Amino acid sequence: MSKFDDLDQATIAAHAAGIIDVASGGIVPPIQTSTTYVRDREYRLLNPDNVYARDNSDVVRAAEAVINNLENAEDTLLFPSGMAAIAAVMRTIGNGGTLLFQSGIYWGTTKWIREFCVRREIRSIEMDCSNAHALDEAIARHKPEIVLVETPSNPWLKIVDIAAASKACTRVGSRLVVDSTAATPILSQPLNLGADVVMHSATKAINGHSDVLAGTLSVSDKSATFWQNIVTDRHDAGAIIGNFEAWLLIRGMRTLPLRLQRMCGNSLKIAKYLDAHEKVETVFYPGLATHKAHQVATKQMTGGFGHLMSFTVFGNKKNALDFCGALNLIHRATSLGGIESVVEHRQTIEGDETGIPETLLRLSIGIEHIDDLISDIAQALDTISCSS
Ligand code: PLP
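First things first, this report covers the structure right here in the doc.

Scoring rules and cut-offs
Residues numbered from 1 in each chain as written. Predicted model: local features only at pLDDT ≥ 70, side-chain atom pairs only at ≥ 80, totals over all residues. Heavy atoms only, no water. Buried < 20%, exposed > 50% of the residue type's maximum accessible area, 1.4 Å probe, protein only. Helix = DSSP H or I, 4+ residues; strand = E, 2+ residues; numbered from the N terminus. Pairing = 2+ DSSP bridges. Axes fitted to C-alpha atoms, helices over the stretch in contact; angles between N-to-C directions. Contact = heavy atoms within 4.5 Å. Core = buried A, V, L, I, M, F, W, Y, C linked by side-chain atoms within 4.5 Å. Domains from an automatic or database assignment.

**So, helix H3 (residues 82-90)**
And step 1. Burial analysis of H3 places eight of its nine residues in the buried class, which makes it a mostly covered element.
And step 2. Within H3 the residues assigned to the buried category are Gly82, Ala84, Ala85, Ile86, Ala87, Ala88, Val89 and Met90.

Structure below.
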């Protein structure tokens, strides 16, 4: 048991789970650039943990330890992107196996999984997993090897009841994998709710500064064969994060709880503001009491409902794009979880055929002052000519 096991997440993050640079005494770790490590004249490694940089790096292990502590996991692996992490866990499904995954999630995940399943002749069931009863039935009927859910989902902000999904998976021996990117380990800890694996695009709020691509997988039972296969695959196939990126992640995570607190506070105020606005049709944010799964979100998210929300404006695509164009402060950019707020017209990114409404806008709210954010949104809504 490490001395950090009993401490609050804010303390774990601020101290980066206790990392110090033993060689120099520095409270910040160095960035290693070495790809190989020396042996002595007896051919023993100077540091038995380090052989070759493809899977041996103090700074990568240190970053993994922080996430491991925050997730209350048995083991954590970093990957060079969120998609690399998702791909690593999906590759554990045998050829001809069965996967059940959530519909209407991050488009990059959907697209990759659909193509992967065709290539590997994997039977895939794509369904709305926010309906706990329907999910329970589908898991019992199809007995998939893996059930992948994303909660809150991007961009619909649907909520999956993780504890209920976990019970359904346990009954038939399925593995529950949760993409918890929009919740972060601060707001939700899926492993504590019974998930087998929790995944993050650490590119988003975990890093939080829009300057690192990274992905994580954390597991509740590190002795499980599928996990050992992932460990071996990462080492042998080489989907490794760079040392500089791992170092930046450690730096970014020190303020993760603090950033989330501010982002959640700002987001709830903005969601309420939009919800009351005459030019806004619907707001999708689990923190609103009117959200379909507000009760489930309250049960499984602690300390806030996240920084991600979507809303539709009355009118048409032009009105939505005019709103984006009128923003002075909030950046028009893809991605989410950064300290700076961004807006995205998802249909432009995903294409018409994916069912994303032309009037839907996704906001990722940052740490700016709430008054500045609301006045930017207010003046942009003023410029568009639609109403109910
Ligand atoms: N999961 C979610 C919910 C995402 O929003 C994204 C990216 O936007 C990913 C996974 C993929 O992560 P990355 O861009 O780090 O590969």
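More follows now that the structure is in view.
**Considering the sheet that holds strand S5 (residues 175-179)**
And step 1. In spatial order, the strands read S1-S7-S6-S5-S4-S2-S3; together these seven strands make up an open sheet with mixed pairing. Pairing within the sheet leaves two strands with one partner each, and these edge strands are strand S1 (75-79) and strand S3 (123-127). Geometrically, the sheet is characterised by an average inter-axis angle of 15° between neighbouring strands, direction not taken into account.
And step 2. In this structure, strand S4 (residues 146-150) lies alongside S5, joined through five bridges in parallel fashion. The residue of S5 that forms the bridge with Val147 is Leu176.
And step 3. Packing against the sheet, helix H4 (residues 107-119) makes contact with strand S2 (98-102), S3 and S4, and its axis sits at approximately 165° to S2.
And step 4. Where helix H8 (residues 225-237) meets the sheet, its contacts fall on S1, S5, strand S6 (197-201) and strand S7 (215-219), and the angle it forms with S1 comes to roughly 35°.

**Notes on the nonpolar core**
And step 1. If you look at the biggest cluster of nonpolar residues, it comprises 64 residues, and the most contacted ones within it are Leu249, Ile270, Leu274, Phe311, Phe323 and Leu363.
And step 2. A domain split of this core shows at least three residues from each of domain 1 (11-253) and domain 2 (256-382).
And step 3. When neighbours within four sequence positions are excluded, Leu274 is seen to be in contact with Val280, Val283, Met309, Phe311, Leu363, Ile377 and Leu381.
And step 4. Grouped together as the second largest cluster of nonpolar side chains are 27 residues, Leu99, Ile122, Leu148 and Ile230 included.

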